[in-house]
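Remarks on the overall topology
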Amino acid sequence: DTGVSQDPRHKITKRGQNVTFRCDPISEHNRLYWYRQTLGQGPEFLTYFQNEAQLEKSRLLSDRFSAERPKGSFSTLEIQRTEQGDSAMYLCASSLEGVLNSPLHFGNGTRLTVT
Amino acid sequence: AQSVTQPDIHITVSEGASLELRCNYSYGATPYLFWYVQSPGQGLQLLLKYFSGDTLVQGIKGFEAEFKRSQSSFNLRKPSVHWSDAAEYFCATANQAGTALIFGKGTTLSVSS
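Cut-offs and rules
- Residues numbered from 1 in each chain as written.
- Chains lettered and ligands numbered in written order.
- Predicted model: local features only at pLDDT ≥ 70, side-chain atom pairs only at ≥ 80, totals over all residues.
- Heavy atoms only, no water.
- Core = buried A, V, L, I, M, F, W, Y, C linked by side-chain atoms within 4.5 Å.
- Buried < 20%, exposed > 50% of the residue type's maximum accessible area, 1.4 Å probe, protein only.
- Helix = DSSP H or I, 4+ residues; strand = E, 2+ residues; numbered from the N terminus.
- Contact = heavy atoms within 4.5 Å.
- Disulfide = S-S within 2.5 Å.
- Salt bridge = Lys/Arg side-chain N within 4 Å of Asp/Glu carboxyl O.
- Buried area = accessible area lost by both parts, 1.4 Å probe.
- Polar contact = N/O pair within 3.5 Å; in protein donor to acceptor, adjacent residues only side chain to side chain.
- Nonpolar A, V, L, I, M, F, W, Y, C, P; charged D, E, K, R; others polar.

1. Looking at the nonpolar core
The biggest cluster of nonpolar side chains holds 25 residues, and the ones touching the most others in it are Trp35, Leu47, Leu48, Phe74, Leu76 and Tyr89 of chain B. Elements with a contribution of two residues or more to this core: β2 (10–14), β3 (19–21), β5 (33–38), β6 (45–50), β8 (64–68), β9 (73–78), β10 (87–94) and β12 (107–112) of chain B. Beyond its immediate stretch of four places on either side in the chain, Leu76 of chain B contacts Leu19, Glu20, Leu21, Trp35, Leu47, Leu48, Phe63, Glu64, Ala65 and Tyr89 of chain B. In this structure, Tyr48 and Met89 of chain A together with Phe34 and Phe103 of chain B belong to the second largest nonpolar core, which totals 20 residues.

Below, the structure is given as structure tokens:
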């Protein structure tokens, strides 16, 4: 169990630029989740994959956000035309089964700063 | 919609003292409730969960939580706090579909010597 890894750890970008984050889940986990955490808030659900299928998207996930999990393994989260309000910690988590049957394993996150 | 509220933003406890972190849930039926801990520089880790049955649940690292339907609460407790328990603690519940977790805003625990 090598854990959930996220890359990069930190990203600083200028407003209007596109950014892409990567998440590598625990290898046998077929569920993958993206969350966003801002200062003083708990993690907020963005989207969820079961294998390669994106099954649920939060209304927080605007049109500028897109997530993929092309082969049911790693996932990418892209933010287009970044805004200062996108500054946050982006967390990835994976689980063997659904949240009611197995714990979520979280990565350390990617901290995005939009200047 | 399901939600959890953590009334305390920050709590300071002396090392060796007991700890109670509060969590209130909002949902009509029996909710699915969780406590996660986020230590500095580490990812969130599940401490314990409650779905049904015995209302006192034991977790890892010496933590326990008690589900009280009459008070809509699921408070986290530890009899004796260690300095390494300093972290941020999140209460969470499952969404209606049971597909994702909804987190509270968290309580930051500081431990004084």
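2. Observations concerning the state of the cysteines
What we call a disulfide is simply a covalent bond connecting the sulfur atoms of a pair of cysteines. All names here are of chain A. A complete count under the given rule lists two disulfides over all chains for this structure. One disulfide in the model links Cys23 with Cys92; its S-S distance is 1.9 Å. With the S-S dihedral at roughly -70 degrees, the linkage between Cys23 and Cys92 falls on the left-handed side. Highlighted residues: Cys23 in strand β3 (residues 19–24) and Cys92 in strand β9 (residues 88–95), separated in sequence by 69 residues. Taken individually, Cys23 and Cys92 each receive the classification buried, so the pair is uniform in this respect.

3. Some details on the pattern of salt bridges
A full pass over the atoms with the stated rule returns seven salt bridges over all chains. The partner of Asp24 of chain A in a salt bridge is Arg22 of chain A, and the shortest N-O contact between them spans 2.7 Å. Judged by relative accessible area, which is 25%, Asp24 of chain A ranks as partly exposed. For Arg22 of chain A, a relative accessible area of 33% translates into the label partly exposed. Glu66 of chain B is paired through a salt bridge with Arg77 of chain B; the nearest N and O atoms lie 3.0 Å apart. You can see Glu66 of chain B sitting in strand β8 and its partner Arg77 of chain B sitting in strand β9, a full eleven residues away along the chain. Classification of Glu66 of chain B as partly exposed rests on a relative accessible area of 23%.

4. So, the interface of chain B and chain A
Reports often express the size of an interface as the amount of accessible area lost when the parts come together. Between chain B and chain A, the contact holds 21 residues from the first and 19 residues from the second. For the chain B and chain A pair, buried surface summed over both sides reaches about 1600 Å², with 57% attributable to carbon and sulfur atoms. Summed over the shared surface of chain B and chain A, the result is zero salt bridges. Our count for the chain B to chain A interface comes out at six residue pairs in polar contact (both at pLDDT 80 or more). When residues of the side of chain B that touches chain A are traced back to their parent elements, those giving at least two are β5, β6, β10 and β11 (101–103) of chain B. If you tally residues by element for the side of chain B that touches chain A, the top one is β5 of chain B, at three residues. Its residues assigned to classes, the side of chain B that touches chain A shows eleven nonpolar, eight polar and two charged.

In short, geometric facts, not functional conclusions.
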